[in-house]
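Here's the letter readout for the chains.
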Amino acid sequence: MSTHGSQDAGGGPAENLDYRIAHLQDRLASGELGELGVRVEARGQAVLLTGTVPSSPCREEILRTVHEELAGIPVHSDLVVTEASSPDHAEELA
């Protein structure tokens, strides 16, 4: 029995979530965000984002995209920003 071609949750909520995560990963892999090492994992009925991003604006763009694609699903973000900002004072070496 096949449920292909149906947006119905015929395969159950977990299958629907897996499909939505796969679609999100495709969207993140295309365009400007494609080079980032962001992982999207299902954790029960929620989603966990992990990885490293180069800047806060990049992190915000990823989160905006995730919330668009996974509306109604709890998302937990553990994205680390590696933005190298200029030091505001000289480093003291001992």
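Read on for a plain summary of the structure. Keep in mind that this is a model prediction, so the values were computed, not measured. (Residues numbered from 1 in each chain as written. Predicted model: local features only at pLDDT ≥ 70, side-chain atom pairs only at ≥ 80, totals over all residues. Heavy atoms only, no water.)

### Description of the pairing of strand β1 (residues 37-43)
Stated precisely, the cut-off is as follows: Paired strands are those between which DSSP finds at least two bridges. Secondary structure elements are defined from DSSP: runs of H or I of at least 4 residues count as helices, runs of E of at least 2 residues count as strands, and each element is numbered from the N terminus.
Direction of pairing for β1 relative to strand β2 (residues 46-53): antiparallel, over a ladder of seven bridges. Its bridge partner being in β2, Gly-37 is matched across the sheet by Thr-52. Between β1 and β2, which pair antiparallel and follow one another directly, the connecting turn spans two residues, one of which, Gly-44, has a positive phi of 70°.

### Some points on the environment of Ser-77
The condition that has to hold: It only takes one pair of heavy atoms within 4.5 Å for two residues to be counted as in contact.
By the secondary structure assignment, Ser-77 is in strand β3 (residues 75-81). Along the sequence, Ser-77 and Gly-51 sit 26 residues apart, while their C-alpha atoms lie 9.2 Å from each other. Apart from the residues within four sequence positions on either side, Ser-77 is in contact with Leu-49, Arg-59 and Leu-63.

### Structural notes on the sheet that holds β1
Our working rule: Helix axes are fitted only over the stretch in contact, all axes being lines through C-alpha atoms; the angle between N-to-C directions runs from 0 to 180 degrees.
Spatially, the three strands line up as an open sheet ordered β1-β2-β3, and their pairing is mixed. If you trace the sheet from one side to the other, it starts and ends with β1 and β3, each paired once. Within this sheet the neighbouring strands show an average axis-to-axis angle of 10°, counted without direction. Bridge analysis of β2 against β3 gives seven bridges, and the strand direction is parallel. Note that in β3 the partner of Leu-48 across the bridge is His-76. With respect to the sheet, helix α2 (residues 56-69) is in contact with β1, β2 and β3, its orientation differing from that of β3 by roughly 160°.

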